[in-house]
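Commentary on secondary and tertiary structure
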Amino acid sequence: MENNNKELTISAPKTIMEMVKTFEDACQILGEYHSLVAHYKEIADRLEGYDGKELLDLYAFLKLRIIAAALNEGWTPKFDREEIRWYPHFYILTKEGYDRLDEDEKKECRVVGRAVSDAGVGVGFFFSAASFAWSASGKDYGYRLSFRTDELAEYCGKQFIDLWIEYLIG
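One structure accompanies this document, and this report is about it. What you see is a predicted model, and the numbers here were worked out from it, not measured in a lab.

The next thing to look at is the packing of aromatic side chains. Within this structure, the stated rule accounts for five aromatic pairs. Seen from their ring centres, Phe23 and Tyr40 are 5.1 Å apart, and the 70° between their planes marks the pair as edge-to-face. Here Phe23 is found in helix 2 (residues 23–30), whereas its partner Tyr40 is found in helix 3 (residues 35–46), with 17 residues between them in sequence. Considering the side-chain rings of Tyr40 and Tyr59, the 6.3 Å spacing of their centres and the 75° angle between planes classify their relative orientation as edge-to-face. Of this pair, Tyr40 sits in helix 3 while Tyr59 sits in helix 4 (residues 56–72), placing them 19 residues apart in sequence. Judged by its relative accessible area of 14%, Tyr40 falls in the buried class.

Dropping the structure here:
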């Protein structure tokens, strides 16, 4: 008699970071009727065909809100003294500053250079300034793009770096 029993393989459930690799993944997780997804689609439909680069930051912000909502799995900040919220942080370096990084540091970062020798930009959740070959950053605000864990903030900052660049500096 032939044995047709096949071994059952049970895989561990995926983490939210494994499930959200793209903007489309985040939309799918939230569902088309989620308010953020529905409003994004409505705005995108109304502006379809508009070729304005000045809207890149708006689209990026809306997409990052959807991604943050999906990654946070229903968590929203309460803004009380006991709560800790996390944000991705970025450095803006000049070419000279980037050139001074060692090879390991260069692998860890995605750098957007600034050609101006004294440039400052107030953006999203932090202020960033570059003057000659240094840069500094500190968080300012940005609660809509906060995360419940530092791992989620770091993941979102790295996985969706192109959206963050569009949102923060265009």
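Before going further, it helps to spend a moment on the pattern of salt bridges. Within the structure shown, the criterion is met by four salt bridges. Across the pair Glu83 and Arg85 runs a salt bridge, and its minimum N-O distance is 2.8 Å. Residue classification places Arg85 among the partly exposed residues on the basis of a relative accessible area of 25%. One salt bridge connects Lys158 with Glu154, and the closest N-O pair in it is separated by 3.0 Å. Highlighted residues: Lys158 and Glu154, both in helix 7 (residues 150–159), separated by four residues, approximately one helical turn. Overall, Lys158 belongs to the partly exposed group, its relative accessible area being 46%.

Definitions and limits used
- The numbering scheme is per chain: residues are counted from 1 as the chain's sequence reads.
- Note on the predicted model: pLDDT of at least 70 is required for a residue's local features to be given, and 80 or more for side-chain atom pairs to be given and counted; whole-chain, interface and lining totals, by contrast, use all residues.
- The basis for every side-chain value is the complete set of non-hydrogen atoms in the structure, without hydrogens or water.
- Pairing of aromatic rings covers Phe, Tyr and the six-membered ring of Trp, with a centre-to-centre limit of 6.5 Å; geometry is then stacked below 30 degrees between planes, edge-to-face above 60, and tilted otherwise.
- Where helices and strands are cited, they refer to DSSP runs of H or I of at least four residues and of E of at least two residues respectively, numbered from the N terminus.
- The classification of residues rests on relative accessible area computed with a 1.4 Å probe and restricted to protein chains. Under 20% of the type maximum is buried, over 50% is exposed, and intermediate values are partly exposed.
- For this analysis, a salt bridge means a side-chain nitrogen from Lys or Arg found within 4 Å of a carboxyl oxygen belonging to Asp or Glu.

Shape is all these values report; function is a separate question.
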